[in-house]
Amino acid sequence: MKAKYFDFGRFREFRAKREEDLADFLIGKSKSNVFLKEVAFENFYACRNRDESLDLQLDAITRHMKLKSGNIPYLEPWFGVGVYANAFGAEYIWSPEGVKESPQTHYVAHSEEDVEKLPEPDIQKSPIMRMIIDAIDYFVEQTNGEIPVCVTDTQSPIDNATLVWDTSSFFLSMCTNPEFVHKFLDKITRLTIEFTDEQIRHLGETWARPGHIMLSSTRGSGIALSDDNIVMLSPEHYSEFAVKYNEVIASRYGGLAIHSCGNYRNQLDALLSTKGLVMIDGAFSLECDPTPNSDFEQFRDRLKGRGVILQARMGEDWREILPRLYHPDMKIVISVPPPKQGEPADKNIVELDRIISKIEIG
């Protein structure tokens, strides 16, 4: 859908009805500790150009406005996960036209010696970073700043390190030359802040926080990081080489929301020790991830009483999972598929209320 055909009046009305409750939940002022998020459409392969990306996202928002859940959709300048690798010289490899795949990058360093020879990253010289800034400007201009926009999918410093530097060599250096690794992670962290600041400058008042994949609002706080290496590290290594740099970013943007694919239950203590952590996101259903988080009670027990929001992505089996995952003393976002065509629009809301009431009554 082209922006000129989008119903901005309808979106203003839709947003106005939800904005206060959404913002209150994110900043901890809501009386409710449960938030229903329905996802009408996610598309992470149509990212070859800004025009197609915006058209498809506006299509998705139009469909979303038929739903009864409280989340407000936002635009995202998503052009693959290798953004920061591109700044270090990694070339983007685009799929052939018609192939529904996200772009890839290849390592540009296979050793510490290669890392030392990498060009100094420059956000003005990275084609993909320039593409993201151009897309932000285009999204804001085409929508008159009426639809929230988040920063691009930002990989954590340790994730970005393994997009630039061969993972096996990087992990070996963590053990044999940690000082060198820390120096490289510090450089990536500074670049992350520099480019994020530039995106925020272009976003202005449209900035949706924390962003990518998370329940977000222009009145929210923090920034989302994708931290998928969490599933491959020991808690000790994660604490030393990931948490430290994530905390620097959290301090800069008033909080941190962490997403990881896979099952990261063994890292919960190290993850939850992160200063500034406001939200974590994970898959709890095979419909959402081939290796979802499975120890529901462990997540429940670690999160109750902390104030950190758990965004739990689930499929149609969410009704069986939720009673094992939820506790009245935790904050949780239930992220589920919307009702199917022909089903009542408030089906998930009714079922969620029934399940939560049954749990809380005991």
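Residues numbered from 1 in each chain as written. Predicted model: local features only at pLDDT ≥ 70, side-chain atom pairs only at ≥ 80, totals over all residues. Heavy atoms only, no water.

S.K.: Help me understand the sheet that holds strand S5 (residues 309-313) in this model?
M.R.: Sheet strands pair via backbone hydrogen bonds, and the direction of the pair is either parallel or antiparallel. Read from one edge to the other, the open sheet built from six strands follows the order S1-S6-S5-S4-S3-S2, with strand pairing classed as parallel. Only two strands of the sheet have a single neighbouring strand rather than two, namely strand S1 (34-38) and strand S2 (223-226). Neighbour-to-neighbour, the strand axes of the sheet open up by a mean angle of 20 degrees, direction not taken into account. Alignment of S2 against strand S3 (residues 256-259), held across four bridges, turns out to be parallel. The residue bridging Leu-225 from the neighbouring strand is Ile-258, located in S3. Packed onto the sheet, helix H12 (residues 318-325) meets S5 and strand S6 (331-336) and runs at close to 170 degrees relative to S6. (Pairing = 2+ DSSP bridges. Helix = DSSP H or I, 4+ residues; strand = E, 2+ residues; numbered from the N terminus. Axes fitted to C-alpha atoms, helices over the stretch in contact; angles between N-to-C directions. Contact = heavy atoms within 4.5 Å.)

S.K.: Just to check I follow, could you spell out the packing of aromatic side chains for this structure?
M.R.: Remark: the centre distance and the inter-plane angle together describe each pair of aromatic rings, the angle taken between the planes. One pass over the full model with this rule turns up 15 aromatic pairs. Ring centres of Tyr-138 and Phe-139 lie 6.5 Å apart, and the angle between their planes is 55 degrees; this geometry places the pair in the tilted category. Judged on exposure class, the residue Tyr-138 and its partner Phe-139 are both buried. Taken together, a centroid distance of 5.9 Å and an interplanar angle of 70 degrees make the contact between Trp-165 and Phe-184 edge-to-face. Of the two residues, Trp-165 is situated in the loop between helix H6 (157-164) and helix H7 (167-176) and Phe-184 in helix H8 (residues 178-203); the sequence distance between them amounts to 19 residues. The same class applies to Trp-165 as to Phe-184, namely buried. Stacked on the ring of Phe-25, the Lys or Arg Lys-331 has its end atom at 5.0 Å from the ring centre. (Phe/Tyr/Trp six-rings, centres within 6.5 Å; stacked < 30°, edge-to-face > 60°. Buried < 20%, exposed > 50% of the residue type's maximum accessible area, 1.4 Å probe, protein only. Lys NZ or Arg CZ within 6 Å of the ring centre and 35° of its normal.)

S.K.: Can you walk me through the environment of Cys-288 in this structure?
M.R.: Among the structural elements, Cys-288 can be located in the loop between strand S4 (277-283) and helix H11 (296-303). Setting aside residues up to four positions removed in sequence, Cys-288 forms contacts with Ala-283, Arg-313, Met-314 and Gly-315.

S.K.: Help me understand the pattern of salt bridges in this model?
M.R.: Opposite charge on two side chains allows them to pair when their charged atoms are near. Applying the stated criterion across every chain, the model contains 19 salt bridges. A salt bridge links Asp-51 to Arg-50; its shortest N-O distance comes to 3.4 Å. A residue is classified by how much of its surface remains accessible, and Asp-51, at 29% relative accessible area, is partly exposed. The residue Lys-347 makes a salt bridge to Glu-343 at a minimum N-O spacing of 2.8 Å. When its relative accessible area of 23% is taken as the criterion, Lys-347 is described as partly exposed. Classification of Glu-343 as partly exposed rests on a relative accessible area of 29%. Salt bridges sharing partners connect three or more residues here, namely Glu-316, Arg-319, Lys-340 and Glu-351. (Salt bridge = Lys/Arg side-chain N within 4 Å of Asp/Glu carboxyl O.)

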